[in-house]
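Chain by chain, the residues:
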Amino acid sequence: ICKTIVGGHGVVRNDQATGAYCLPRPHLSFTWAAGWSFAKCHFERNVPNDPFLEGMFDGEEFSRMIRLWTHGYDVYTPHRPVVFHDYTHGRVWQQGRESTWNGNPPGLPYALKRYWSLVDKQGAEKVELGPYGLGTQRSIDQYIDFAGIDPRTSKFLDNDKCGKLKYIPFEEDPNKIHAIMPTYPTKLPGNQSQAHLEPPPDIEDKYVSYAHEMITIEKDQEPTISHERQKQEFGSPPKALWSDLTRKVSEERTKRRQRRKQTQHENSSKNNNNNNEKSTTTGTKGGGDTVSWTETMLAVILTCGVFYVGKELYSTFMETKK
């Protein structure tokens, strides 16, 4: 993720992620993604998720990015893709669910007030953020210079920052390593999951079918990174753990090639048979092109017309000579 856009309600949000692979090293980033985040545990203690952002989709990740950056944390985008998210829309099981992204739950107005308070938007109503505010290691003005984005106005000051960011130093606070997690409210807004009290749900067969469908679609597509390059990037797998898997992959790859060749041979045979049948039923003319009955009848009519015109011209000529 290397770009941001202005999302709903005028807040800044991450743009859609794009794949980066075989880069020499991870790149410094000015965005943070909730679906792909790894850090030391004190990150969660010092910059916990704001539980009062009920129903906030656009701006939720960006607001946490500003918080963690001002607390002295830096974000790096991986130099190769490892995990992917399927953003395919329109599947049967998604009906009735995607509209919740664009909904307006009761807590959204307050969540927006918290966002505008965090970025210090002029003229906006401010609320107390408690432990979910900015840090003191770096300022929001420094972030604006660093990222080229002004969240207070949702304006982009420099759109050419990807891969060109420069690290902004700050004074370390050793006490943050041993920080205590702030107390969460006893009643959270929205619907709180009770996963620790409820038994895990059964997996329905249709979801297994959808997963299998994805495998079916992708199975014949070759990876964008060659096998040799992957070995250089990731290293060879330990033989003691992966020998059976690599053998199965090799066998499947061989079977896939054989099936592809068999399919090509069958298609070629069908095409030859279809051409032979057309030649037999419709007849041929020089060069092997087929001739239809319509073309034959037109040729006969044209020939007769030529003879008739010739006869009339000859008769006229003989009468004029007499």
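Procedures and definitions
Position numbers for residues count from 1 along each chain, tracking the sequence in the order it is written. With the structure being a predicted model, the display of local features is reserved for residues of pLDDT at least 70 and the display and counting of side-chain atom pairs for 80 or more, all residues being used for whole-chain, interface and lining totals. Side-chain numbers here rest on the full set of heavy atoms in the structure, without hydrogens or water. For the purposes of this entry, the term helix denotes a DSSP run of H or I that reaches at least four residues, the term strand denotes a run of E that reaches at least two, and both are numbered from the N terminus. What makes two residues a contact is simply this: any of their non-hydrogen atoms within 4.5 Å. Residue exposure ignores everything except the shown protein chains as possible cover, and the areas themselves are Shrake-Rupley values with a 1.4 Å probe. Expected span of a helix: the number of residues minus one, times 1.5 Å. Classification of residues uses two cut-offs on accessible area relative to the type maximum, computed with a 1.4 Å probe and protein chains only: under 20% is buried, over 50% is exposed, and between them is partly exposed. A pairing counts as a salt bridge when a side-chain nitrogen of Lys or Arg comes within 4 Å of a carboxyl oxygen of Asp or Glu. Note on terminology: a nonpolar core comprises buried Ala, Val, Leu, Ile, Met, Phe, Trp, Tyr and Cys residues joined through side-chain atoms within 4.5 Å. Between N-to-C directions, angles span 0 to 180 degrees; the directions come from axes that are lines fitted to C-alpha atoms, helices contributing only their stretch in contact. Handedness of a crossing follows from how the near helix is turned relative to the far one, being left-handed for an anticlockwise turn of less than a right angle and right-handed for a clockwise one. All amino acids are sorted into three groups, where Ala, Val, Leu, Ile, Met, Phe, Trp, Tyr, Cys and Pro are nonpolar, Asp, Glu, Lys and Arg are charged, and the leftover types, Gly among them, are polar. As a per-residue quantity, pLDDT reports the predictor's confidence and falls between 0 and 100. When the centres of two rings from Phe, Tyr and Trp lie within 6.5 Å, Trp using its six-membered ring, the rings pair. Their planes under 30 degrees apart give stacked, over 60 give edge-to-face, and anything left gives tilted. Should an angle lie under 35 degrees it is considered roughly parallel, over 145 roughly antiparallel, and from 65 to 115 roughly perpendicular; all remaining angles are considered oblique.

1. Looking at the overall build of the chain
Each helix and strand in the chain was counted, giving eight helices and eight strands. Taking all contacts inside the chain whose residues are at least 6 apart in sequence as the whole, residues at least 24 apart take part in 71%. Here the chain has roughly 23600 Å² of accessible surface; of this, 55% comes from carbon and sulfur atoms.

2. So, helix α3 (residues 108-119)
For α3, which comprises 12 residues, the first-to-last C-alpha distance of 17 Å matches the rise-based estimate of 16 Å (1.5 Å per residue) to within 8%. Of all 12 residues in α3, nine are buried, a share of seventy percent or more. Within α3, burial applies to Leu-108, Ala-111, Leu-112, Arg-114, Tyr-115, Trp-116, Ser-117, Leu-118 and Val-119. For α3, the elements touching its buried residues are β2 (12-14), α2 (60-70) and α4 (140-147).

3. Structural notes on the pattern of salt bridges
All told, the structure shown has eight salt bridges when counted by the stated rule. Its salt-bridge partner being Lys-164, residue Asp-160 comes within 2.7 Å of it at the nearest N-O pair. Relative accessible area serves as the criterion here: at 47%, Asp-160 is assigned to the partly exposed category. When salt bridges with common partners are traced through the structure, they connect Asp-141, Asp-150 and Arg-152 into a single cluster.

4. Quick notes on the nonpolar core
Within soluble globular proteins, side chains that are nonpolar tend to cluster in buried spots. In terms of nonpolar packing, the biggest core is built from 29 residues, with Met-56, Leu-68, Tyr-115, Tyr-143 and Phe-146 touching the most fellow members. In this view, Phe-146 contacts Leu-28, Ser-29, Phe-30, Trp-69, Lys-161, Leu-165, Lys-166 and Ile-168; residues no more than four positions away in its chain are not counted.

5. Examining the packing of α2 against α3
Orientation of α2 relative to α3, taken along the N-to-C sense of each, is 35°, at an axis distance of 11 Å. Note that α2 runs across α3; the crossing there is left-handed. Taking contact as the criterion, the partners of Phe-62, Ser-63, Ile-66 and Arg-67 in α2 are, on α3, Tyr-115, Leu-118 and Val-119. Taken together, the residues that form the contact of α2 with α3 break down as five nonpolar, one polar and one charged.

6. Structural notes on the confidence of the model for the chain
In this model, the chain carries a mean pLDDT of 76, and residues with pLDDT of at least 70 account for 63%. The element-level mean pLDDT for the chain is lowest in strand β7 (residues 284-285), coming to 42, with α2 highest at 96. Counted against residues more than four places away or in other chains, residues 281-289, with its pLDDT under 50, gives 11 contacts.

7. Remarks on the packing of aromatic side chains
For the structure on display, the rule yields nine aromatic pairs. A ring pair is formed by Phe-52 and Tyr-110, whose centres lie 6.5 Å apart and whose planes are at 90°; its orientation type is edge-to-face. Of this pair, Phe-52 sits in the loop between α1 (41-46) and α2 while Tyr-110 is found in helix α3, placing the two residues 58 residues apart along the sequence. Summarising the aromatic geometry, the rings of Trp-69 and Tyr-143 are spaced 5.5 Å apart at their centres and angled 70° between planes, so their arrangement reads as edge-to-face.

8. A short note on α2
Judged by how many residues are buried, α2 sits mostly within the fold: 10 of 11 residues are covered. Those residues of α2 not exposed but buried are Glu-60, Phe-62, Ser-63, Arg-64, Met-65, Ile-66, Arg-67, Leu-68, Trp-69 and Thr-70. Just past α2, the residue Gly-72 takes up positive phi, approximately 95°.

9. Side note on the packing of α2 against α4
Viewed as axis vectors pointing N to C, α2 and α4 meet at an angle of 110°, and their least axial separation amounts to 10 Å. It follows from the interaxial angle that α2 and α4 lie roughly perpendicular. At the point where α2 passes α4, the crossing takes the right-handed sense. Where α2 approaches α4, its residues Phe-62, Met-65, Ile-66, Trp-69 and Thr-70 are matched on the opposing element by Ile-140, Gln-142, Tyr-143 and Phe-146. Residue composition of the contact of α2 with α4, by class: seven nonpolar, two polar and no charged.

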